[in-house]
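Residue-level structural notes
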Amino acid sequence: MTSAPFGDLPPEAYHDALWTRVLPWLAHHTPATARELADLTPSPDWWLTESPAVTTMMVEHEALCRQLARFFVARHLNATFGKSFPTVPRRMPLATLTTAARARTAFQRLQAQTVADLETLSVKDLYDVRGTGQGTVEEVIAALVSAAMIRSGDLPETDVSGEDAPSANAPVASLPPAQAQLLEDLAQLAAWHHLRRRSGHSLLKVVIEDGAPEQIQEVALRLNSLTAADLGSNGGSSDPVLEFTAILSELDERQLRILRDRFLGRPPTTLAELAVDFNVTRERVRQIEIRLKELLARTFHFGTSIGNLLASLRAEIQPIAALDRLITLHPDLARDVPGVGVPLWLVLDRLDDYFEVSEGWAAAPDVSAAREQTRILLEDFATEHGLVDLAAAASATAMPKAELLAWLSWCSYIVYNDQILTRTRSLNDHAAGVLAATGEPLQTDELHQEMGRDTTIRSLTNVLGSDDRFIRTDRATWGLASWELEEYTSIRQQIGIELAAAGGQIELSRLVESITNRFDVSPSSVQAYAGNGEFEIVDRVVRRRESPAAPRKTPSATRRLFRHGDVWKLRIVVTRDHLRGSGFPVPSGVASLVGCAQGEVVELDSELGTQSIRWTGLQPASGTIKRFLDQLQAGEGQIAFLEFRPYGRFGLTVHESPAPSTDPLAQALNLIGATEISGLEAAKSALATAVDLPEDAKPRRILAAYRQRGDDDIAALLEQVWTGQRHYHAGERVTVESHAVSLADPDDGHQPQLHDLDVDVNADDAAPDGGVPEEDSSAGWVPVPAGYRSVGWVRPHEAEAAVLAYQLHADVPVHNGDEITGWARYVDGASTTNSNNHANVKLVRTRVQGERIACWIRENEAFSVTQASAERRSITVTGPDGETAGLVEYYRPGSEEAERFLSSTRLLRGRPPG
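For the structure given in this document, a descriptive report is provided here. (Residues numbered from 1 in each chain as written. Predicted model: local features only at pLDDT ≥ 70, side-chain atom pairs only at ≥ 80, totals over all residues. Heavy atoms only, no water.)

Strand E23 (residues 788-792) sits mainly inside the fold: 5 of its 5 residues count as buried. Pairing geometry for E23 and strand E30 (residues 905-910), over 4 bridges, is antiparallel. Bridge pairing in E30 places glycine 792 opposite leucine 907. (Buried < 20%, exposed > 50% of the residue type's maximum accessible area, 1.4 Å probe, protein only. Helix = DSSP H or I, 4+ residues; strand = E, 2+ residues; numbered from the N terminus. Pairing = 2+ DSSP bridges.)

Written out as structure tokens, the structure reads:
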């Protein structure tokens, strides 16, 4: 409390009546029950026998008031102030009481002007005032005690204010500069909160240590409770429409025409049209346009009504907001502007380059950039199957949930089971996402219905059967291979049971031991499930996850981020914002790479100064790269790579995009930032190490890595290089392949022989039984026994795929080790070609330039080939009627024939009679 001015008053200024009349509540206490009062003066019962005029001659005024206030607060919590201080004039303004700012703030929040306004209140009521602590309450009571002791009307008006108690309206200039600046800053901050419609939100957040003195903790309490409403209403201009109309009146005819027809026109008038109307050159119109924009930018700065409104919109559009919500927040946006005949929101949209409004969305800087930022944000939350928990995404954005759902729909994302499916471009990815979101196997027709795509169930079945991510759990039921279905269900359920039995949490080692002792599962599987989904591991203790987790990806799992030795390169497309100097979001894998945790800023060294990576917002972001782009003379739309080098170094390079006609492998290398690679093996190694795989990783594993990361553009190019086109039908021509075996070719170690080249075949020039033309021994072919004709050298693993295709009535990939070398394509009975051959499965072999038809094979023939290989002998093919229908010849591996034709089995079909 500030020093009271009454300490220097003469005795006659004080009441000469007994204390029990001045402060009636003192009559309830005796020296035996109020020891703290008895010790104040030599007289042990002074409050019962003396008057204020006598007591103040022995005790300092301020100390006496402070002690009586503490006593009242402790002993009379519910006593009303009107009865407790009867001698205080009810008309006395509270501003004249000897109180500091904190007490005056409490009076303001109570909307109390005079002592009469406090008459029915008590100490308890004061404590209920926001931001009021014990010190403030004691200060108010001490001021009332001080006023009660003084004879009413005896004090001159100038004495009441006191030098130590400046009024709330004291000039700021009389304060020290730092304090004056603080008040100005608070006033500006309050005005901003008014503008943002957050007048009731706290202006400050002060954190004090737990062990700080009580008085300091009360200071923090008061500061944290301070709001814009406490500092008064927003005093700025309240009508942006009138403000804009005023500037219109100052424009000349040509400026007004450019503003109305070019800036605000829908569609805008061209420069050429205005030049004709004004009878000037197009360049002159452009100059007027530029000066007009500069004038408006200078006029509507922050501090003006429109400038303030623009600032609020920029804060709200981060990076997207529904126009309807902005209009609800700022109703002035929907008002038409006189003179131009359009709503205010359109005026601001056309005049401010920070954001644009399109199809009901306000986006910064435009909807394309907002969609890209949304994609990057979702990537950081996405699981291996591209799922993002809707609650987790909602927690990472300021948008209301309904608005977020509308925006996701506008961006063509599918929300299923409260999961956002971020990978639905291909049928495979969409199916994986739906299954992962469902969490259990689905029948094919159920999965087809849930996906809602314009495709047949048969096509879906073929896709599922050709993708290693899916497994068939029943004849018509599909699940994800990663589930390890039996173990997945058992492990997840068992973890829940163990947690329930242990009271909600259990040590990881104990959990692993308990489950692995009773189930045939690996400890790593238990640990993987314990740290994912609904469970989490904290300090080696497993418990249920309390809130949605936002997975933070490693660099090797991050889309568009590639490793080149000890350098990592992030691919971006240069945009207008990069060239303007704006910062931009980067994946969390980049933050992980440079060691930037949430809430931190990491500074990297470069030839052009410090480059910052910060994670102070919802997602990591890079500082401006404009200086690098300017140095390289980069243009919008070019591909650039942010390079993160050892020892905290940063660089940037720009690559020219290859022409669409460029070789797919060269295009893929360009997309990972490897431009000086020659040779197929070197290319494969570069593609593998770019995603942190071993140099000798096989193509199939490399493809899977790029697909899992979400680098679909690169995966598509590599599929062209390594697997070729998958679907060819009878009657299509298959091109001759005369170059070396491709990276995906499983026939390793051999140069292609004549029989291994793709021959030019169609349904008309094929052999009558569906095989290739008969072999000619003069060309080095193995002679065909009499009574038979050759169907082809069918490899055992091709026959196995054909058997499975007959069982599933679906296309089945031909695997040779880890590689897909062809397909057993199932065709129903409607096909003319296969009906002639009495076969439903066509064996094809993949090459870089397409697929080569090997032969049509019947089910009994496929079984015979597998049997011959297993028994290592030639097998007679028996038809449905028990008659001999063909022959499978077996050749010892390593023999001249097996080596020449890359197969140990040849299928022969009996010649038809005649």
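Resuming the write-up.
This next bit is on the packing of helix H7 (residues 101-110) against helix H9 (residues 134-149). Look at H7 against H9: their axes get within 9 Å of each other, and the N-to-C directions meet at 90°. With respect to H9, the axis of H7 lies roughly perpendicular. Packed against H7, whose contacting residues are Arg102, Ala103, Ala106 and Phe107, the element H9 presents Gly135, Thr136, Glu139 and Val140 at the interface. Along the lines of polarity and charge, the residues of the contact of H7 with H9 split into 4 nonpolar, 2 polar and 2 charged. (Axes fitted to C-alpha atoms, helices over the stretch in contact; angles between N-to-C directions. Parallel < 35°, antiparallel > 145°, perpendicular 65-115°, else oblique. Contact = heavy atoms within 4.5 Å. Nonpolar A, V, L, I, M, F, W, Y, C, P; charged D, E, K, R; others polar.)

Taken together, 4 strands build an open sheet; the order of strands is E23-E30-E29-E28 and the sheet is antiparallel. Here the strands that pair on one side only, and so sit at the sheet edges, are E23 and strand E28 (875-878). Pairs of neighbouring strands in the sheet enclose a mean axial angle of 30°, with direction left out of account. With 5 bridges connecting them, strand E29 (residues 884-890) and E30 associate as antiparallel partners.

Glancing now at the nonpolar core. Grouped together as the largest cluster of nonpolar side chains are 44 residues, with contacts concentrated most on Trp19, Leu23, Leu68, Phe81, Phe85 and Ile141. Mapped onto this core, the elements with two or more residues apiece are helix H1 (19-22), helix H2 (35-38), helix H3 (46-49), helix H5 (61-75), H7, helix H8 (123-127) and H9. If you tally residues by element for this core, the top one is H9, at 10 residues. The contact partners of leucine 23, leaving out residues within four places of it in the chain, are Leu68, Ser84, Phe85, Val145 and Ala148. By size, the runner-up hydrophobic cluster in this structure holds 39 residues, among which are Leu264, Leu309, Ala321 and Val340. (Core = buried A, V, L, I, M, F, W, Y, C linked by side-chain atoms within 4.5 Å.)

Taking 1.5 Å as the rise per residue, helix H17 (residues 305-316) with 12 residues should run 16 Å; its terminal C-alpha atoms sit 17 Å apart, in good agreement. Counting buried positions along H17 yields 10 of 12 residues, so the element is predominantly enclosed. Turning to H17, its buried residues number three or more, namely Ser305, Ile306, Gly307, Asn308, Leu309, Leu310, Ala311, Ser312, Leu313 and Glu316. (Expected span 1.5 Å × (residues − 1).)

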